[in-house]
Amino acid sequence: MQKKEQMYEGKAKKVFATDDPNLVIVDYKDDATAFNGEKKGTIAGKGVINNVMSNHMFQILEKQGVPTHFVEQLSERETLVKKVSIVPLEVIIRNISAGSFAKRYGVEEGIVFDDPTFELSYKNDDLGDPLMNDYHAIALKLATREEIEQLKTMAFKVNDVMKAYFDQLNVILVDFKIEFGKTADGTIILADEISPDTCRLWDKDTKEKLDKDRFRRDLGGVEEAYQEVMRRLMGE
């Protein structure tokens, strides 16, 4: 697969065209940002871990009937994926109170919910990715009612699969953010990434944070936490 010109560079990834108009190459970077880009840094080896972990999780989800953009891992940092136009909504599923949820509603972290919650935020850095409800998304023509129902169904399915999978690794899936894209024919599939950047992962026994919160909150041991997730994931 011929790698061609760079089409896009985001906070964590670069995207390159290929000689197939329906496929692109994603290249994962070690750059880390938090608080909508206000905090910047580097997490050594993060790009490799996020690439390999995302691909691993996408393949598990595919087997469980969740369509994803994954095609083939090309190297430690590069993966061939289906080209999609990203739906401008971040979908957040929470199983336990943490992060902005705990802050917003003035509750402590660690409250286990009876049922997972579903949140949408408008994917817009200039506005700070504000929370929105279904009606706002429909009013702004970001998605149709049917599409939002589809995102909900898929997101809860992703949660069920990942929760069970991480549980086997002695890891609690606290919450996560996912993004969806539309292929050329309008099919909605899971895109972006699944990694310690986009998931809150706690050790089941110690409740130690194994995710980007270590970077956000200056807890130290960021690289080690990412490596630990990778080690469990790969069964080492």
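Quick caveat, the model's predicted, so the values are computed rather than measured.

## As for the nonpolar core
Counting 41 residues, the largest nonpolar core has Met162 and Phe166 as the members making the most contacts within it. The set of elements that each furnish at least two residues to this core consists of α1 (46-63), β9 (89-96), β10 (112-122), α4 (145-168), β12 (171-182), β13 (188-191), β14 (199-203) and α6 (222-233). The dominant element in this core, judged by the number of residues it contributes, is α4, at 9 residues. Excluding anything up to four places from it in sequence, phenylalanine 166 contacts Met53, Met57, Val171, Leu173, Leu201 and Leu233. One finds Ala34, Val52, Phe215 and Met230 within the second-largest nonpolar core, a separate group that totals 10 residues.

## Points about the pairing of β14
Burial analysis of β14 places 5 of its 5 residues in the buried class, the great majority of the element. Here β14 shows a buried face lined by Cys199, Leu201 and Asp203 and a second buried face lined by Arg200 and Trp202. Pairing analysis gives 5 bridges linking β12 to β14, with the strands arranged antiparallel. Within the sheet, the bridge partner assigned to leucine 173 lies in β14 and is leucine 201.

## Considerations on the sheet that holds strand β6 (residues 70-73)
Reading across the sheet, the 5 strands line up as β1-β2-β3-β7-β6 and stay open at both edges, with antiparallel pairing between neighbours. At either margin of the open sheet sits one strand with a lone partner, and together these are β1 (3-9) and β6. In this sheet, adjacent strand axes meet at a mean angle of 30° when their direction is disregarded. Alignment of strand β3 (residues 23-28) against strand β7 (residues 78-82), held across 5 bridges, turns out to be antiparallel. From the neighbouring strand, leucine 23 faces β7, where its bridge partner is lysine 82. Contacts between α1 and the sheet are confined to β3, β6 and β7, with β6 contributing the most and set at about 135° to the helix.

## Overview of the packing of aromatic side chains
Given two aromatic rings, one states the distance between the centres and the angle between the planes to describe the pair. Scanning all chains against the criterion turns up 4 aromatic pairs. A centroid spacing of 6.1 Å and a plane angle of 45° characterise the contact between phenylalanine 118 and phenylalanine 156, whose relative ring orientation is tilted. One end of the pair, phenylalanine 118, is in strand β10; the other, phenylalanine 156, is in helix α4, and 38 residues separate them in sequence. The class of phenylalanine 156 is partly exposed, set by a relative accessible area of 27%. Pairing tyrosine 165 with phenylalanine 166 gives two aromatic rings, centres 5.9 Å apart and planes at 70°, and the pair type is edge-to-face. With relative accessibility at 1%, the residue phenylalanine 166 sits in the buried group. Three or more aromatic residues link up through ring pairs in this structure, and these residues are Phe101, Tyr105 and Phe113. Taking the ring centre of phenylalanine 16 as reference, the NZ or CZ of lysine 3 above it sits at 4.1 Å. Directly above the aromatic system of tyrosine 135 lies the positively charged group of arginine 145, at a separation of 5.0 Å from the ring centroid.

## Describing the packing of α1 against α6
Relative orientation and spacing of two packed helices are given, respectively, by the angle between their axes and the distance between those axes. Packing of α1 against α6 leaves a shortest axis separation of 10 Å and a crossing angle of 35°. Crossing of α1 against α6: the hand is left-handed. Here Lys46, Ile49, Asn50, Val52, Met53, His56 and Met57 of α1 come into contact with α6, specifically with Tyr226, Gln227, Val229, Met230 and Leu233. Taken together, the residues that form the contact of α1 with α6 break down as 8 nonpolar, 3 polar and 1 charged.

## Focus: the pairing of strand β2 (residues 13-18)
Most of β2 is tucked away, with 5 of its 6 residues classed as buried. Counting the residues in the hairpin turn of β1 and β2 gives 3 residues. A loop of 4 residues connects β2 with β3, the two strands running antiparallel in sequence.

## As for the environment of valine 112
Within the fold, valine 112 resides in strand β10. For valine 112, a relative accessible area of 59% corresponds to the exposed category. Excluding residues within four positions of it along the chain, valine 112 makes contact with Asn95 and Ile96.

Cut-offs applied
- Residues numbered from 1 in each chain as written.
- Predicted model: local features only at pLDDT ≥ 70, side-chain atom pairs only at ≥ 80, totals over all residues.
- Heavy atoms only, no water.
- Core = buried A, V, L, I, M, F, W, Y, C linked by side-chain atoms within 4.5 Å.
- Buried < 20%, exposed > 50% of the residue type's maximum accessible area, 1.4 Å probe, protein only.
- Helix = DSSP H or I, 4+ residues; strand = E, 2+ residues; numbered from the N terminus.
- Contact = heavy atoms within 4.5 Å.
- Pairing = 2+ DSSP bridges.
- Axes fitted to C-alpha atoms, helices over the stretch in contact; angles between N-to-C directions.
- Phe/Tyr/Trp six-rings, centres within 6.5 Å; stacked < 30°, edge-to-face > 60°.
- Lys NZ or Arg CZ within 6 Å of the ring centre and 35° of its normal.
- Left-handed = near helix turned anticlockwise from the far one by under 90°.
- Nonpolar A, V, L, I, M, F, W, Y, C, P; charged D, E, K, R; others polar.

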